[in-house]
Structures are given as C-alpha cells and as structure tokens.
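# Descriptive structure summary
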Amino acid sequence: MNSDVQIAGDPLDIPHLLPPVPAHPSTVSAFAGLARTIAADRDGWAPLVQYDATSRWYHRLRTGPGYEVWLLSWVPGQGSGAHDHGRSSGVLTVLRGELTERVGTHGARHTLRSGAQRVFAPGYVHDVVNDALEPAVSLHIYFPGLTEMPLHPTQSAELPAGAGADALGALGG
C-alpha cells in the first residue's frame, strides 16, 4: 500500500502549498509597526531589563534581515551625548518612563513619554537623556544594523546640512 506522500508527493516540495514567508520590514512605517508590536509584548522584553547606575544598559533583543533591535535602560540623569548613527536609519520607541531628545540647531527639545516614537535618517544628530526622576526603557531599531555611533562635540545636537525636520519627526507620540 502506498503512503500519502508516495501518492501526492512531499508537500514541502510544492512551494505554492507553503504559507507565505513573512516579509521583513522595508519601510519606515513597517519598522515603526514592528517597534509597536515588540513594545506590546511586555512579557517578552520586561524581564530582560536591567538598570546600571554607571552607564546605560543595553541588550540586543533581535536581529532580522538587514536590521537589529536593541533594548536600553536609562536611570535618571543618564544620556547618550550628541551622536548620529552613521549610515543607519532608525526608530526610537519609549517603552517605560520618559526621555528627552535634543535636536536641531537650537537644541529643540522633545519630551518622549511611554509609547512615543521618533524616526531618524542617516546623519541625524541628537542627544537623548533621562531628565525625569524615574528610570526609563526604550527600544531602538536600526536599519541597516548599527555599525557606528559617532559622538559630536557640540552641546546642542544639530541636523546635518540639508536634512529638513520634515523628513524626520514624531510618530504616534
């Protein structure tokens, strides 16, 4: 007697019967959606969070084709210093607490509360700090994956020449 596989063939050899492979994010909107999905899975990230009084704590949460996801914690007073992300674009999402982002030629300040998102393009210079009295947690998605984070000596972060604020900004927050 023949088995079903012998009669019909191996279903894994028939691509049209397989479920579609989920596409990885390829737009800013899709990466922002991925960040919101990860943020909603509190049971997945909250047990990993640690706080370090001497430096910002960070943990690579996941990688995907061409991107990586980082979890960071910030105790009161901790900041990143003015920096950019080299050739990477990204999405910053506040998961817990409150962070302040300084950006622009006059150090424009944006208060980012839990759920707030900011997107940035390559060359975007900013400074992120926890000015609040409680610890904060943030999620950062970089695409392509982060390979450099040059610090900038200026006190107020600035946009690179030619980068308009309309190309960057807040999402849902």
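The rules behind each value
Residues numbered from 1 in each chain as written. Predicted model: local features only at pLDDT ≥ 70, side-chain atom pairs only at ≥ 80, totals over all residues. Heavy atoms only, no water. Buried < 20%, exposed > 50% of the residue type's maximum accessible area, 1.4 Å probe, protein only. Helix = DSSP H or I, 4+ residues; strand = E, 2+ residues; numbered from the N terminus. Pairing = 2+ DSSP bridges. Contact = heavy atoms within 4.5 Å. Expected span 1.5 Å × (residues − 1). Phe/Tyr/Trp six-rings, centres within 6.5 Å; stacked < 30°, edge-to-face > 60°. Axes fitted to C-alpha atoms, helices over the stretch in contact; angles between N-to-C directions. Lys, Arg positive; Asp, Glu negative; His and termini not counted. Salt bridge = Lys/Arg side-chain N within 4 Å of Asp/Glu carboxyl O. Polar contact = N/O pair within 3.5 Å; in protein donor to acceptor, adjacent residues only side chain to side chain.

## Here we look at the pairing of strand E2 (residues 67-74)
- With eight of eight residues buried, E2 lies mostly within the body of the structure.
- Here E2 shows two buried faces, one formed by Tyr67, Val69, Leu71 and Ser73 and the other by Glu68, Trp70, Leu72 and Trp74.
- Bridge count between strand E1 (residues 57-64) and E2: seven bridges; the pairing is antiparallel. From the neighbouring strand, Gly64 faces E2, where its bridge partner is Tyr67.
- Between E1 and E2, which pair antiparallel in sequence order, lie two residues; one of them, Gly66, sits at a positive phi of approximately 85°.

## Quick word on the side chain of Ser88
- Its place among the elements puts Ser88 in the loop between E2 and strand E3 (89-96).
- Using a relative accessible area of 1% as the deciding quantity, one classes Ser88 as buried.
- Apart from residues no more than four positions distant in its own chain, Ser88 is found in contact with Phe120, Ala121, Pro122, Tyr142, Phe143, Pro144, Gly145 and Leu146.

## Remarks on helix H2 (residues 28-40)
- In a regular helix each residue adds 1.5 Å, so 13 residues correspond to 18 Å; H2 covers 18 Å between its end C-alpha atoms and thus fits that length.
- Along H2, the residues that are buried comprise Phe31, Ala32, Gly33, Leu34, Ala35 and Ile38.

## Some thoughts on the packing of aromatic side chains
- For the structure shown, the criterion picks out five aromatic pairs.
- Ring geometry for Phe31 against Phe143: centres 3.9 Å apart, planes inclined by 0°, an arrangement best described as stacked. Taken together, the residues Phe31 in helix H2 and Phe143 in strand E8 (residues 136-143) connect sequence positions 112 residues apart.
- Judged by relative accessible area, Phe31 falls into the buried class, the value being 4%.
- Seen from their ring centres, Phe120 and Tyr142 are 6.2 Å apart, and the 55° between their planes marks the pair as tilted. On the criterion of sequence distance, the pair formed by Phe120 in strand E6 (residues 117-120) and Tyr142 in strand E8 is long-range, its members being 22 residues apart.

## A closer look at the sheet that holds strand E5 (residues 108-113)
- On the basis of which strands lie adjacent, the open sheet formed by three strands has the order E5-E4-E7 and antiparallel pairing. Among the strands making up the open sheet, the edge pair consists of E5 and strand E7 (126-129). Taken over all neighbouring pairs, the strand axes of this sheet differ in orientation by 20° on average, direction set aside.
- Where strand E4 (residues 98-103) and E7 come together, four bridges link them in antiparallel fashion. If you follow Glu101 over to E7, its bridge partner there is Val128.

## What about the side chain of Asp84?
- When you line up the elements, Asp84 lands in the loop between E2 and E3.
- Buried Asp84, no salt bridge; nearest opposite-charge side chain is Arg87, N-O distance 11 Å.
- Among the polar contacts made by the side chain of Asp84, one reaches the side chain of His152 at a distance of 2.6 Å.
- Apart from the residues within four sequence positions on either side, Asp84 is in contact with Gly123, Tyr124, Val125, Glu148, Met149, Pro150 and His152.

## Overview of the environment of Ser138
- By the secondary structure assignment, Ser138 is in strand E8.
- With a relative accessible area of 0%, Ser138 lands in the buried category.
- In sequence terms Ser138 and Ser114 are 24 residues apart; their C-alpha atoms lie 8.6 Å from each other.
- Not counting residues up to four positions away in its chain, the partners in contact with Ser138 are Trp70, Leu71, Leu72, Trp74, Thr93, Val94, Leu95 and Leu99.
- Polar side-chain contacts of Ser138 include one of 2.8 Å to the side chain of Trp74.

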